[in-house]
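Analysis of the macromolecular model
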Amino acid sequence: MGPSRTSRSKYNHSEQTLKGQHQCPHCGKKFKTQGFNRHETSCKKRMDIMKEQEAFALEYEQDQR
């Protein structure tokens, strides 16, 4: 018989957390409470990089004229 895995879960599996959803302010996707914080961090980082790339491309175009 293997070890007990009752303490494996690190999330709160209450009704509120299982049914509640948060909308990402950066991309608009909806996520359950458990995954929202992780998504928001990576999404914000990705959006910041995209904004930097757009600004660089605009500046490059202006320099080429």
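Owing to the predicted nature of the structure, the values given are computational and were not obtained by experimental measurement. (Residues numbered from 1 in each chain as written. Predicted model: local features only at pLDDT ≥ 70, side-chain atom pairs only at ≥ 80, totals over all residues. Heavy atoms only, no water.)

Topic: the pattern of salt bridges
- Here the structure, examined in full by the defined rule, presents one salt bridge.
- The closest approach of N and O atoms between D48 and K44, which form a salt bridge, is 3.1 Å. A residue pair is termed a helical-turn pair when its members lie 3 or 4 positions apart in one helix, as D48 and K44 do in helix 2 (residues 33-64) at four residues. (Salt bridge = Lys/Arg side-chain N within 4 Å of Asp/Glu carboxyl O. Helix = DSSP H or I, 4+ residues; strand = E, 2+ residues; numbered from the N terminus.)

With respect to the confidence of the model for the protein chain
- For the protein chain, the average pLDDT comes to 83, and 72% of its residues sit at 70 or higher.
- Considering each helix and strand of the protein chain separately, the mean pLDDT is smallest for helix 1 (residues 15-19), with a value of 64, and largest for helix 2, with 93. (pLDDT = per-residue confidence, 0-100.)

Quick look at the environment of N37
- Mapped onto the elements of the fold, N37 is located in helix 2.
- Under the relative-accessibility criterion, N37 is labelled exposed at 53%.
- In the structure, N37 is positioned 13 residues away from C24 in sequence and 9.3 Å away in space, judged by C-alpha atoms. (Buried < 20%, exposed > 50% of the residue type's maximum accessible area, 1.4 Å probe, protein only.)

So, the packing of aromatic side chains
- Inspection of every chain in the model, using the stated rule, returns one aromatic pair.
- Plain terms: the ring middles of F56 and Y60 are 6.5 Å apart, the flat faces sit at 20° to each other, and that makes the pair stacked. Here F56 pairs with Y60, and both are found in helix 2, just four residues apart, close to one helical turn. (Phe/Tyr/Trp six-rings, centres within 6.5 Å; stacked < 30°, edge-to-face > 60°.)

Brief notes about the state of the cysteines
- In this structure the tally under the stated criterion is zero disulfides.
- Cysteine C24 is unpaired, with the sulfur of C27 as its nearest cysteine sulfur at 3.7 Å.
- For C27, a relative accessible area of 30% gives the class partly exposed. (Disulfide = S-S within 2.5 Å.)

Some thoughts on helix 2
- The terminal C-alpha atoms of helix 2, which comprises 32 residues, lie 47 Å apart, in line with the 46 Å expected from a rise of 1.5 Å per residue.
- Roughly 30° is the biggest bend found in helix 2, and it falls at H39.
- Buried-residue contacts for helix 2 involve strand 1 (21-23) and strand 2 (30-32). (Expected span 1.5 Å × (residues − 1). Bend = angle between axes of the 7 residues up to and from the residue. Contact = heavy atoms within 4.5 Å.)

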